[in-house]
Amino acid sequence: MGKAIWIEGGTRSGKTEVLVSQFWQWLEARIVLGKHSSQDRKVLVLAGNDDSKRDLGDRLMAKTQAKYPISAKTTIGFIQDEVLLFYPLLIQKLKLPAHFPLRLRPETEQELATKLWQPALERLNWREIAPSEYRFVRRILDLLQLAAYSCIPLEHLPEILTQGFGAIEDGEIYASVESLAAEWRDWCLDRGLLTYGIMTELYWRYLLPHPEYQRQLGDRYWTVLADDVDDYPAIGRQICEFLLDRGVLGAFSYNPDGMVRLGLSADPDYLFGLKARCLHPDSPRDRDVVYLDSLPTNLFADRHAASIDTIVHAVLNPGNIVSLPTSIQAIETRTRGEMLKQTAEAAIELITTGKVAPGDIALIAPGLDAISRSTITDIFDRAKLPLASLNAQLPLNSDPGVRALLTLMALTYPNLGQLTSRDEIADLLVTLSPIYPPQTPILTEIDPVRAGLLADYCYAPSLSQPRLLPYANFPRWDRLGASATKAYDRILNWIERMQQQQPSPLHLLNEAIGDFFQQGSYLPFDRLSALRELMETAQHYWQVAERTYSPAEYLESTHQITAQFILLLRQGTITANPYPVSQLQPQDRAVTLSNIFQYRASKRSHAYHFWLDVGSPLWAEGGAATLYGANLLLQDRVGKIWTVADTLLSNELRRERILRYLLHRVNDRLYLCTSDLAIDGREQMGALLTMVHGIGFGT
């Protein structure tokens, strides 16, 4: 059995540094004993998310000067790689068709599952467990994934849901959930299509118990370093315990104030069980356990004011008022719009007066709707100050270049006329006529006014083949100007050429990007990222289409597939995250705008925090960060009913973790920003208002 170290501590307590140091001690010992070389077995490094994986991997590579093999992955990333690598074993064991496996994206998964289940959806009373058909499909796919992450057989779902949620009017609906999920899994495996849920089920149920795979896995690694195990799914513990049983050294860090992914896939209580592996067999009292305290911050330098523990206790027990340090201030307004404006202006004033750099400020909200994000962004744009939205995940279709390319597709192929409109044509003309060399802001040869006139007079709508007419169809074309008419002719000729050639959709997109954006180095990085994401999405979409249609059906359905692709992107379900942002606008040089979940997941710290909507109840509620049925599929909750009391307790614990985490992530000053009225006009009554009431109290 391998030696194991457990490192436990709160936020910013130095857990990761201790993890790295422990690894270095083990590595030095092996080198001294002559047991290690650059060709030796690898070090498996696991992390809670991609950002943490990159950071920890880089730190280990720097520590070892990249002389020793290190494999850094998230738990799910590790499972995905293992399933793809050992898929031949699964083909042999499960008698699967010999396809090269292709991973499905979530948006494609949703679309294909809806088509597969359409007959059942028409007869099932899905409203018993979902407000819409879309949400019903999504919830089944999420349950399949959550069950796999928790190492729970799919066939146990009906019983677990019945016990957890109680009996419902249509008792057969839970059985239908299991049967539909199984049908979807088998349908995908027959075509070599894999989702995260299917891959994880294949891994824990068939691959991990496979003797040949166990031999391979045990021989590959000599150490496993797992950071932030409180964010791992249950399968993560099984992987770690398997390696420990094979004599692999292990070091694990755990943050009781973390658990960022609880409700999405994490099972922190189950992973906490790894701590028991850090006992010496001969001396149970001698634990290989390290306890760390969080580092103090300047925010609580005033010893006469409340501490973090006091603040948390007051928030969790409404009615208590505490004296907050002078470094915590409030911004209070009547309406939410005023609150957003004053918050942004307060941050801008700090920067313009030289008190703080943009990269030292974070604006954090429990939820960021499009209006809030746009309002704050516009204010910073007018002040010409950098603002970076942390993992904004904006719809791909929000990029004008992507919208223009989709409209080009609708104009090129027949029978897609229902997907074009006058406004989309005008948008296309503006986007595809930029002026070179680059200007700031970007100028176009066809401005919005001229584009609107051309769309009114020179666009001929048609269901079978919409087209653009010569600019002379506009009676006063002489007022368009030479530059605009030349640009219009170039776009018109390009579309006519494509209509004649009828290239494949991928070739069309590639040609359009080359012809209209080849000089696009002037584009902001997020727009270049959106174009790259569009091409990756299109390639994936048509790869999947080739798997799901027979050759004859594929040729007959090409235009239908194109229409579905355009509609999928216009629905806004596909997003693009510009990464790495640091290529053009480093996040440490810009003001950070983020919701709570993304900020906690990023592990960032800032000198100044602005907490938005502190009167909102969203600071305690899970919201979109909790998937349907997630609480029932935790290892210690399986078979137990989920009550209102459980919800209240869960919200209270979440609020406590959020408060502790964020208060340790702000160094110098905290602004509590609130409005009397929420966005819907209701009065704000959230528990964090206790902190606002404590400002100046007792001074």
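Residues numbered from 1 in each chain as written. Predicted model: local features only at pLDDT ≥ 70, side-chain atom pairs only at ≥ 80, totals over all residues. Heavy atoms only, no water.

1. So, the layout of surface pockets
Of the volumes computed, that of the second largest pocket is approximately 320 Å³. Contributing to the lining of the second largest pocket are 16 residues, with Leu262, Asp269, Leu634, Trp642 and Leu653 lying nearest its centre. When residues in the lining of the second largest pocket are grouped by element, the largest group, 6 residues, is from helix H26 (residues 644-665). When grouped by side-chain class, the residues that make up the lining of the second largest pocket number 7 nonpolar, 2 polar and 7 charged. (1 Å grid on protein atoms, 1.4 Å probe; cavity = no way out; pocket = protein on both sides within 12 Å on 5 of 7 lines; lining within 4 Å. Points joined across faces, edges and corners; volume = space filled by probe spheres on them. Helix = DSSP H or I, 4+ residues; strand = E, 2+ residues; numbered from the N terminus. Nonpolar A, V, L, I, M, F, W, Y, C, P; charged D, E, K, R; others polar.)

2. Side note on helix H24 (residues 558-570)
Compared with the 18 Å implied by 1.5 Å per residue over 13 residues, the 19 Å span of H24 between its first and last C-alpha is a close match. Along H24, the residues classified as buried are Ile561, Thr562, Ala563, Gln564, Phe565, Ile566, Leu568 and Leu569. Where H24 ends, the next residue or the one after it, Gly572, has phi of about 80°, a positive value. (Expected span 1.5 Å × (residues − 1). Buried < 20%, exposed > 50% of the residue type's maximum accessible area, 1.4 Å probe, protein only.)

3. A look at the packing of aromatic side chains
Under the criterion given, the structure shown has 18 aromatic pairs. Judged by centre distance (5.6 Å) and plane angle (20°), the rings of Trp184 and Trp187 are stacked. Residue Trp184 and its partner Trp187 are both found in helix H9 (residues 173-190); the two are separated by 3 residues, about one turn of the helix. With respect to burial, Trp184 and Trp187 carry one shared label: buried. Ring centres of Tyr541 and Trp542 lie 5.6 Å apart, and the angle between their planes is 65°; on these two criteria the pair is classed as edge-to-face. For the pair formed by Tyr541 and Trp542, the shared burial category is buried. (Phe/Tyr/Trp six-rings, centres within 6.5 Å; stacked < 30°, edge-to-face > 60°.)

4. Considerations on empty space enclosed by the protein
By the definition in use, this model includes 1 cavity of 30 Å³ or more. Size it by volume and the largest cavity reaches roughly 80 Å³. Classifying every residue of the lining of the largest cavity by side-chain character gives 9 nonpolar, 4 polar and 1 charged.

5. A closer look at the nonpolar core
With 90 residues, the main nonpolar core has Phe78, Val83, Phe136, Trp184, Tyr203 and Phe252 as its most contacted residues. Other than its neighbours up to four places away in sequence, Val83 contacts Leu90, Leu194, Met199, Leu202, Tyr203 and Leu207. Listed in part, the 56 residues of the second largest apolar core include Leu405, Ala487, Ile495 and Ala530. (Core = buried A, V, L, I, M, F, W, Y, C linked by side-chain atoms within 4.5 Å. Contact = heavy atoms within 4.5 Å.)

6. Quick look at helix H16 (residues 370-382)
Compared with an ideal rise of 1.5 Å per residue, which puts 13 residues at 18 Å, H16 spans 18 Å between its outermost C-alpha atoms and is within 8% of the ideal. Of the positions making up H16, those classed as buried are Ser372, Arg373, Ile376, Ile379 and Phe380. On an axial view of H16, the arc spanned by its buried residues comes to 135°, and they lie on one face. Exposed and oriented more than 90 degrees from the buried face of H16 are Ala370, Ile371 and Arg382. On the buried face of H16, the contacting elements are helix H15 (336-352), strand E12 (361-365), strand E13 (387-389), strand E14 (394-395) and strand E18 (591-595). The residue sitting at the N-terminus of H16 and contributing the capping side-chain oxygen is Asp369; that oxygen lies 3.1 Å from the backbone nitrogen of Ile371. Looking one or two residues past H16, Lys384 carries a phi angle of roughly 55°, positive in sign. (Arc of directions from axis to C-beta. Polar contact = N/O pair within 3.5 Å; in protein donor to acceptor, adjacent residues only side chain to side chain.)

7. Quick notes on the confidence of the model for the protein
Scored by pLDDT, the protein comes out at a mean of 86, with 89% of its residues at no less than 70. For the protein, the element scoring lowest by mean pLDDT is strand E9 (residues 283-287), at 50; helix H10 (residues 196-207) scores highest, at 96. Across residues 578-586 the pLDDT falls below 50, and counting only partners more than four positions away or on other chains, this stretch makes 17 contacts in the model. (pLDDT = per-residue confidence, 0-100.)

8. Overview of the sheet that holds strand E6 (residues 221-226)
On the basis of which strands lie adjacent, the open sheet formed by 6 strands has the order E3-E2-E6-E7-E1-E10 and parallel pairing. Strand pairing shows two members of the sheet lacking a second neighbour, strand E3 (70-74) and strand E10 (289-292), which therefore form its edges. For this sheet, the mean angle separating the axes of adjacent strands, direction not counted, is 15°. Where strand E2 (residues 42-47) and E3 come together, 5 bridges link them in parallel fashion. Looking at the pairing, Val45 lines up with Ala72 of E3. Running at roughly 110° to E3, helix H3 (residues 75-85) makes contact with E2, E3 and E6 of the sheet. (Pairing = 2+ DSSP bridges. Axes fitted to C-alpha atoms, helices over the stretch in contact; angles between N-to-C directions.)

9. Quick look at the side chain of Glu109
For Glu109, the position within the fold is in helix H5 (residues 106-116). If near-sequence neighbours (up to four positions away) are discounted, Glu109 is found in contact with Leu104, Arg138, Leu141, Trp184 and Thr195.

10. Brief notes about a nonpolar patch on the surface
A contiguous nonpolar surface patch, about 280 Å² in accessible area, is contributed by Val449, Leu453 and Tyr457. Tracing the sequence through the fold places Leu453 in helix H19 (residues 448-458). (Patch = residues over 30% accessible without salt bridge, like charges linked within 9 Å, V, L, I, M, F, W, Y side chains within 5 Å. Areas by Shrake-Rupley, 256 points an atom, 1.4 Å probe, with all protein chains shown as cover. Salt bridge = Lys/Arg side-chain N within 4 Å of Asp/Glu carboxyl O.)

11. Some words on the sheet that holds strand E20 (residues 666-675)
The parallel open sheet is built from 6 strands, whose spatial order is E11-E20-E19-E12-E18-E13. Where the open sheet ends on each side, the last strands, each with one partner, are strand E11 (328-333) and E13. In this sheet, adjacent strand axes meet at a mean angle of 20° when their direction is disregarded. Examined bridge by bridge, E12 and strand E19 (residues 606-611) share 4 bridges and lie parallel to one another. When the sheet's bridge partners are listed, Ile364 is paired in E19 with Trp611.

12. Describing the packing of helix H7 (residues 133-149) against H9
Contact geometry for H7 and H9: axes closest at 10 Å, N-to-C directions at 70°. When the interaxial angle is binned, H7 and H9 end up roughly perpendicular. Packed against H7, whose contacting residues are Phe136, Ile140, Leu141, Leu143 and Leu144, the element H9 presents Ile173, Val177, Leu180, Ala181, Trp184 and Arg185 at the interface. For the contact of H7 with H9, a count of residues per class yields 10 nonpolar, no polar and 1 charged. (Parallel < 35°, antiparallel > 145°, perpendicular 65-115°, else oblique.)

13. Looking at the packing of helix H20 (residues 482-501) against helix H21 (residues 505-517)
Two elements in contact, H20 and H21, have axes whose closest approach is 12 Å; the angle formed by their N-to-C orientations is 160°. With respect to H21, the element H20 is oriented roughly antiparallel. As H20 runs across H21, the sense of the crossing is right-handed. In this structure, H20 contributes Arg490, Ile491, Trp494, Arg497 and Met498 to the contact, and H21 contributes Leu508, Glu511, Ala512, Asp515 and Phe516. Split into classes, the residues belonging to the contact of H20 with H21 amount to 6 nonpolar, no polar and 4 charged. (Left-handed = near helix turned anticlockwise from the far one by under 90°.)

14. Observations concerning unusual backbone geometry
Of note, the phi angle at Cys151 is positive, near 60°, even though the residue is not glycine. Looking at where Cys151 falls in the secondary structure, it is placed in the loop between H7 and helix H8 (157-165). With a relative accessible area of 11%, Cys151 lands in the buried category. Positive phi outside glycine occurs at Asp228, with the angle close to 55°. Its location among the elements puts Asp228 in the loop between E6 and helix H12 (234-245). Owing to a relative accessible area of 8%, Asp228 belongs among the buried residues under this scheme.

15. So, the environment of Ile446
Residue placement: Ile446 occurs in the loop between helix H18 (422-431) and H19. As a C-alpha pair, Ile446 and Gly481 span 35 residues in sequence and 9.4 Å in three-dimensional space. What Ile446 contacts, discounting residues up to four positions off in sequence, is Leu429, Val430, Ser433, Ala451, Leu454, Ala484, Ala487, Tyr488 and Ile491.

16. A look at the pattern of salt bridges
For the structure on display, the rule yields 38 salt bridges. Close ionic contact of Glu201 with Arg205 constitutes a salt bridge, the shortest N to O distance being 3.1 Å. You can see Glu201 and its partner Arg205 sitting in helix H10, 4 residues apart, about one turn around the helix. With a relative accessible area of 6%, Glu201 lands in the buried category. For Lys603, the salt bridge identified is with Asp228, shortest N-O distance 2.1 Å. Separated by 375 residues along the polypeptide, Lys603 in the loop between helix H25 (596-602) and E19 and Asp228 in the loop between E6 and H12 bring together distant segments of the chain. Accessibility expressed as a relative area gives 29% for Lys603, which makes it partly exposed. Each member of the salt-bridge network shares a partner with another, and the members are Glu155, Arg185, Asp186, Glu201 and Arg205.

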